[in-house]
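Spelled out, the chains give:
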Protein chains: 2
Amino acid sequence: MGTRIGLGLLGLGTVGAGVAEILQNPEGRHPLIGELELVRVAVRDLQRSRPVELPAAVLTTDPETVVDDPAVQVVVEVMGGIEPARTLIMRAIAAGKSVVTANKAVIAHHGEEIASAAAAAGVYVLIEAAVGGGIPIIEPLKQSLGGNRIERVSGIINGTTNYILTRMAQEGAAYQAVLKDAQDLGYAEADPAADVEGLDAADKIAILSGLAFGGPIERAAIPTQGISTLQSRDVDYAKQLGYVVKLLAVAERLQTTTQDQTSLPLALRVQPTLIPNEHPLAGVNGVNNAILVEGDPIGRVMFYGPGAGAGPTASAVVADILNIAGIRQLENANGCLDPLLAANSWRACHLVHPNAIQQRNYVRFKAKNAPGVIGQIGNCFGACDISIQSIVQFDASEADAEIVVITHEVSQGQMHDALKAITNLPEIKGLIAHLGCL
Amino acid sequence: MGTRIGLGLLGLGTVGAGVAEILQNPEGRHPLIGELELVRVAVRDLQRSRPVELPAAVLTTDPETVVDDPAVQVVVEVMGGIEPARTLIMRAIAAGKSVVTANKAVIAHHGEEIASAAAAAGVYVLIEAAVGGGIPIIEPLKQSLGGNRIERVSGIINGTTNYILTRMAQEGAAYQAVLKDAQDLGYAEADPAADVEGLDAADKIAILSGLAFGGPIERAAIPTQGISTLQSRDVDYAKQLGYVVKLLAVAERLQTTTQDQTSLPLALRVQPTLIPNEHPLAGVNGVNNAILVEGDPIGRVMFYGPGAGAGPTASAVVADILNIAGIRQLENANGCLDPLLAANSWRACHLVHPNAIQQRNYVRFKAKNAPGVIGQIGNCFGACDISIQSIVQFDASEADAEIVVITHEVSQGQMHDALKAITNLPEIKGLIAHLGCL
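Residues numbered from 1 in each chain as written. Chains lettered and ligands numbered in written order. Predicted model: local features only at pLDDT ≥ 70, side-chain atom pairs only at ≥ 80, totals over all residues. Heavy atoms only, no water.

1. Here's the deal with the overall build of chain A
Okay, step 1: Check the secondary structure of chain A and you find 14 helices and 17 strands.
Okay, step 2: Over its C-alpha atoms chain A spans a radius of gyration of 24 Å, differing by no more than 12% from the 22 Å that the globule rule assigns to 438 residues.
Okay, step 3: Principal-axis analysis of the C-alpha atoms gives chain A an extent of 80 × 55 × 35 Å.
Okay, step 4: The buried share of chain A, taken over its 438 residues, is 59%.
Okay, step 5: Considering only residue pairs separated by 6 or more positions, chain A has 74% of its internal contacts joining residues 24 or more positions apart.
Okay, step 6: Of the charged side chains in chain A, 31 are positive and 45 negative; the average position of the first set lies 2 Å away from that of the second. (Helix = DSSP H or I, 4+ residues; strand = E, 2+ residues; numbered from the N terminus. Rg over C-alpha atoms; globule rule 2.2 N^0.38 Å. Buried < 20%, exposed > 50% of the residue type's maximum accessible area, 1.4 Å probe, protein only. Contact = heavy atoms within 4.5 Å. Lys, Arg positive; Asp, Glu negative; His and termini not counted. Charge placed at Lys NZ, Arg CZ, Asp CG, Glu CD.)

Pasting the structure below:
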């Protein structure tokens, strides 16, 4: 060791301050931390008081001067948002500097552009903090699981919605009430759309799939259903049937057909999903995240931990900085990159049409409380060749009945046909809920 | 890419065959697999039939020729046992070849010798497969968690005992009966001592601690209690109190005192331990393993998956091979190693005396069924300044009572004093069980 490495930090919010705090307190951490020097830090407001003390000369309100500073060798982007983050990252790459970022939105939407620029410039862009907060998941997908043929990646990867769903399940509380609490506690943003509509989880599953399956993912094509219309009644019925409801992101590889020889077909989705109580993901509560990776020959491994927060996210950012610092100890004569760490795409992937996605389903109908309704529903599913695991009638009042159906695995196309036929029945007043089911 | 890497495999048992199978079927795995070539393989018997087909010219019964073959650049040791594995590993290092090994015994007992030789020779010795089967845990401890000050590593890291304990808990079965089943199913060896006496778990926690805390661990000094004398009655009482019993390996850093300035004090132990039902480790069943890492600022992360088996272990071995192959793509002009991947010790650690270990305890006494016994037990604990969480009397027959005590956290020295005083009481017939408790 002995080569000091100059860092430029873009952003000094909670994550940026967490990173600075680790760097200022190296005792008991990996000694390579001692080689890292915070050279320049871009902030929005020089006057604002902060949890970390930094020399005034280090701070600037101009992020470009951080990127351009010749003493900055690695640029750490923790400002968030698409712009100016994207432009600054591209500028750093163009200057031959490796980048560490916690910015899932910029990677999910512009990952390919950024990756090609990085490959051309011979620098790394590392993103451990972009998914799963502090949980090491990017690094294992890139390196430790490289011998596997990954079959499926599924996970609870949004802490805000998991906090809300955990409280809905434990207290029988309504979505709106818990959301308000979560906002008061700082677990949800004033505008919660990115979290509760599943957009953040979709960004993250796009990133995980790209690494797990080796090809870029069309972010905009991921079918995404959030939790903002989820009713506590469905959480309760799920519980009575032995399930918990989680916002689950799933990516699985499908059988390659003859047309697909040049591109791997994948099914991706983000959806509130019933998870059986005995499943390893069922016990993941509060703001925790967990990612389950299934592959050959490993079987199933799960990574669990805090999915957000200054400390965990800073831990992941520093892990990436250390990786770059570690590899910089090698005097690299040929300008090549470690292909595992660089993790460039190595094949083409494409998302199949949402109708082709195979999954189990939970649906709830409101029906007239009339004899024979369950039989008619069963007939409609049968006519569409859909096997049913259970039909249960809940809460029959004088006029209305609530009928919950859990299907076996079936394509969403078949499912839509069946649901159309069922909602056309005169006894059916409406399809109230349609969730996934593991 | 483009540099082919010659591998020499020492051993073609289940793990070795699993590795060969991955190499022979690269489709859908990381493309770097295609750069790996199995050049020489040492087997015990050339005639034996095997699940993988290899050209006859590749096989040899002389492991030294594998190590010495100039076409072999990386030596993969999957034969197990201390010798000749240790000698062959040292020989490979001396020849300037990096080593991948799944051999926890050799690393736990000779890790320091091997690490210094590797550092001197400028080669890597990677050991992902030595702990936790397929679970990526070595790599995260070396790289992804490097920004943290690790406080505690605890885990269920022996699949055989976890299989036995899971069945004891689920069926109320006796240890001996389940052990016999486990042996018939191939989950336990004919001589099960290394597993059931906790020696394998102690090897593994020594390895994990070395990486988590940065210094070599005196393997022989780890207090180790197995499950061979565990009674199903204690598993049952634990269940009634809201716990499961697991063979838990724990390593924690203690407060540094003035005497310890040059060395970090650690408390390590392997012991059957009660785990509260709601704890993330409580749901780890069968041959699965899980390791919980706690540190600052990450909080708590857990790694879960199959702790043994050909496929998972081969996945970990191949991960290490890929790591070496990846870094070899860099033309390394100065002969340095990536300090994270090399993971050499960076400070001194020492184990505190077992009497200084602080933990909660579960103890069970057989006592005369006489009034006042519980009070006397309570008095003895009180006299030794030990707080009690609960005293419960189970199964009082005419003559005998079974009294179970769960203490708050207390040093094992205090605990021994109290237990001595209690077992000297005329009403106490014996101390039947003493387990840990989270």
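After that view of the structure, there is still more to cover.
2. Observations regarding the nonpolar core
Soluble globular proteins tend to bury their nonpolar side chains together.
Okay, step 1: Formed by 163 residues in total, the largest nonpolar core has its most connected members in A:I164, A:I205, A:L208, B:I164, B:I205 and B:L208.
Okay, step 2: Excluding its chain neighbours within four sequence positions, the residues that come into contact with B:I205 are B:V153, B:I157, B:I222, B:A249, B:V250, B:A251, B:L268 and B:V270.
Okay, step 3: Residues A:V318, B:V43, B:I321 and B:L322 belong to the second largest nonpolar core, which totals 83 residues. (Core = buried A, V, L, I, M, F, W, Y, C linked by side-chain atoms within 4.5 Å.)

3. A closer look at the sheet that holds strand β4 (residues 74-77) of chain B
Residue and element names in this part refer to chain B.
Okay, step 1: Ordered by their spatial adjacency, six strands build an open sheet running β3-β2-β1-β4-β5-β6, and the pairing between neighbours is parallel. Single-partner strands in this sheet number two, and they are β3 (59-60) and β6 (125-126).
Okay, step 2: Those strands touched by helix α11 (residues 310-328) are β1 (5-10), β2 (36-42), β4, β5 (98-101) and β6, and its axis lies near 160 degrees from that of β5. (Pairing = 2+ DSSP bridges. Axes fitted to C-alpha atoms, helices over the stretch in contact; angles between N-to-C directions.)

4. Points about a nonpolar patch on the surface
Residues and elements named next belong to chain A.
Okay, step 1: Residues L185, Y187 and V287 make up a contiguous nonpolar surface patch of roughly 260 Å² in combined accessible area.
Okay, step 2: Tracing the backbone through its elements, the reader meets Y187 in the loop between α7 (175-184) and α8 (193-196).
Okay, step 3: For Y187, a relative accessible area of 38% translates into the label partly exposed. (Patch = residues over 30% accessible without salt bridge, like charges linked within 9 Å, V, L, I, M, F, W, Y side chains within 5 Å. Areas by Shrake-Rupley, 256 points an atom, 1.4 Å probe, with all protein chains shown as cover. Salt bridge = Lys/Arg side-chain N within 4 Å of Asp/Glu carboxyl O.)

5. What to know about helix α4 (residues 104-121) of chain A
All names here are of chain A.
Okay, step 1: Spanning 18 residues, α4 covers only 22 Å between terminal C-alpha atoms, well under the ideal 26 Å at 1.5 Å per step.
Okay, step 2: Taken as a whole, α4 carries its principal kink of about 85 degrees at H110.
Okay, step 3: Turning to α4, its buried residues are V106, I107, A108, G111, I114, A117 and A118.
Okay, step 4: In this structure, the buried side of α4 is in contact with α3 (85-94), β5 (98-101), β6 (125-126) and α9 (199-213). (Expected span 1.5 Å × (residues − 1). Bend = angle between axes of the 7 residues up to and from the residue.)

6. Focus: the domain arrangement of chain A
Residue and element names in this part refer to chain A.
Okay, step 1: Segmentation of chain A into domains returns domain 1 (5-133 + 311-348), domain 2 (139-304) and domain 3 (355-437).
Okay, step 2: Measuring from the centre of the C-alpha atoms in domain 2 to the corresponding centre in domain 3 gives 24 Å.
Okay, step 3: On the domain 3 side, the residues contacting the 18 residues of domain 2 number 19 residues.
Okay, step 4: Taken over both partners, the interface formed by domain 2 and domain 3 buries close to 1500 Å², and the fraction arising from carbon and sulfur atoms is 57%.
Okay, step 5: Here domain 2 is connected to domain 3 by two salt bridges.
Okay, step 6: A salt bridge links R233 to E402; the shortest N-O distance between them is 3.2 Å.
Okay, step 7: Linking domain 2 to domain 3 there are 11 residue pairs in polar contact (both at pLDDT 80 or more).
Okay, step 8: For the side of domain 2 that touches domain 3, the elements supplying multiple residues, two or more each, are α10 (232-240), β8 (243-253) and β9 (264-276).
Okay, step 9: No other element matches the seven residues that β9 contributes to the side of domain 2 that touches domain 3.
Okay, step 10: For the side of domain 2 that touches domain 3, the per-class residue count stands at nine nonpolar, five polar and four charged. (Domains from an automatic or database assignment. Buried area = accessible area lost by both parts, 1.4 Å probe. Polar contact = N/O pair within 3.5 Å; in protein donor to acceptor, adjacent residues only side chain to side chain. Nonpolar A, V, L, I, M, F, W, Y, C, P; charged D, E, K, R; others polar.)

7. Structural notes on the interface of chain A and chain B
Okay, step 1: Of the residues lining the interface, 58 residues belong to chain A; the matching set on chain B comes to 58 residues.
Okay, step 2: Note on chain A versus chain B: buried area summed over both sides is about 4900 Å², and carbon and sulfur give 60% of it.
Okay, step 3: Taken as a group, A:R29, A:Y304 and A:L330 account for 12% of the area that chain A buries against chain B, more than any other trio of residues on that side.
Okay, step 4: The interface formed by chain A and chain B contains six salt bridges.
Okay, step 5: Residues B:R149 and A:E27 are paired through a salt bridge, measuring 3.7 Å at the closest nitrogen-oxygen approach.
Okay, step 6: Put simply, chain A and chain B have 13 residue pairs in polar contact (both at pLDDT 80 or more) between them.
Okay, step 7: Every element with two or more residues in the side of chain A that touches chain B is listed here: α5 (138-144), β11 (299-306), α11 (310-328) and α12 (339-342) of chain A.
Okay, step 8: Residues that form the side of chain A that touches chain B fall into these classes: 30 nonpolar, 17 polar and 11 charged.
Okay, step 9: Direction of pairing for β11(A) relative to strand β11 (residues 299-306) of chain B: antiparallel, over a ladder of three bridges. From the neighbouring strand, A:M302 faces β11(B), where its bridge partner is B:Y304.

8. Let's talk about the side chain of B:D338
Okay, step 1: You can see B:D338 is positioned in the loop between α11 and α12 (339-342).
Okay, step 2: B:K142 provides the closest opposite charge to the buried, unpaired B:D338, separated from it by 8.7 Å.
Okay, step 3: Setting aside chain neighbours within four positions, we find B:D338 in contact with A:G326, A:I327, A:L330, B:Y124, B:Q143 and B:I327.

9. What to know about empty space enclosed by the protein
Okay, step 1: Tallied over the full model, the rule gives two cavities of 30 Å³ or more.
Okay, step 2: The computed volume of the largest cavity comes to approximately 60 Å³.
Okay, step 3: Around the largest cavity, the lining residues are A:Q143, A:N323, A:I327, A:D338, A:L341, B:Q143, B:N323, B:I327, B:D338 and B:L341.
Okay, step 4: At the level of elements, α11 of chain A together with α11 of chain B are the ones that each hand at least two residues to the lining of the largest cavity.
Okay, step 5: Of the residues contributing to the lining of the largest cavity, the split by class is four nonpolar, four polar and two charged.
Okay, step 6: By volume, the second largest cavity is sized at about 50 Å³.
Okay, step 7: Every residue along the wall of the second largest cavity is listed here: A:L248, A:V250, A:R269, A:Q271, A:T273, A:Q359, A:R360, A:G436, A:C437 and A:L438.
Okay, step 8: Listing elements by their share of the lining of the second largest cavity, those giving two or more residues are β8, β9, β13 (358-368) and β17 (428-437) of chain A.
Okay, step 9: Broken down by element, the lining of the second largest cavity gets its largest block of residues, three residues, from β9(A). (1 Å grid on protein atoms, 1.4 Å probe; cavity = no way out; pocket = protein on both sides within 12 Å on 5 of 7 lines; lining within 4 Å. Points joined across faces, edges and corners; volume = space filled by probe spheres on them.)

10. Some points on the relation of the copies chain A and chain B
Okay, step 1: Mapping chain A onto chain B leaves a residual RMSD of 0.0 Å; the transformation is a rotation of 180 degrees accompanied by 0.0 Å of translation along its axis. Taken together, the rotation and translation describe the operation of a two-fold axis.
Okay, step 2: Interface overlap between copies: 100% of the residues of chain A at the interface are likewise at the interface in chain B, consistent with a symmetric, same-surface contact. (Least-squares fit on C-alpha atoms with pLDDT ≥ 70 in both.)

11. Structural notes on the pairing of β17(A)
All names here are of chain A.
Okay, step 1: For β17, the buried fraction is high: seven of the 10 residues fall into the buried class.
Okay, step 2: As defined by bridge partners, β9 adjoins β17 across two bridges and the pair is classed as parallel. The partner of L274 across the bridge, within β17, is C437.
Okay, step 3: Direction of pairing for β13 relative to β17: antiparallel, over a ladder of eight bridges. Each residue of the ladder has a partner; that of R360, found in β17, is C437.

12. Considerations on the packing of α4(A) against α9(A)
To describe two helices that pack against each other, one gives the angle between their axes and the distance between the axes.
Residue and element names in this part refer to chain A.
Okay, step 1: Where α4 meets α9, the axes come as close as 9 Å, and the angle between the chain directions of the two elements is 55 degrees. Relative to α9, the element α4 lies oblique. Crossing hand, α4 versus α9: left-handed. Each of K104, A105, I107, A108 and H109 in α4 lies in contact with α9, whose residues at this interface are D200, D203, K204 and I207.
Okay, step 2: Class assignment of the residues belonging to the contact of α4 with α9 gives a composition of four nonpolar, one polar and four charged. (Parallel < 35°, antiparallel > 145°, perpendicular 65-115°, else oblique. Left-handed = near helix turned anticlockwise from the far one by under 90°.)

13. A closer look at the environment of A:S345
All names here are of chain A.
Okay, step 1: Relative to the assigned elements, S345 resides in the loop between α12 and β12 (349-351).
Okay, step 2: Given the relative accessible area of 49%, S345 is considered partly exposed.
Okay, step 3: Other than its neighbours up to four places away in sequence, S345 contacts G214, G215 and P216.

14. Points about the environment of B:A201
All names here are of chain B.
Okay, step 1: For A201, the location among the structural elements is in helix α9 (residues 199-213).
Okay, step 2: On a C-alpha basis, the gap between A201 and I157 in space is 5.8 Å, while along the polypeptide they are 44 residues apart.
Okay, step 3: Discounting residues that sit within four places of it in the chain, A201 has contacts with I157, N158, L247, A249 and V270.

15. Some details on the environment of B:D236
Okay, step 1: You can see B:D236 is positioned in helix α10 (residues 232-240).
Okay, step 2: Linking B:D236 and B:E171, residues 65 residues apart in sequence, is a C-alpha distance of 9.9 Å.

16. Regarding the pattern of salt bridges
Okay, step 1: Overall, the coordinates contain 48 salt bridges over all chains when judged by the stated rule.
Okay, step 2: By sharing partners, the salt bridges in this structure join A:E27, A:R29, B:R149, B:R253 and B:D296 into a single network.

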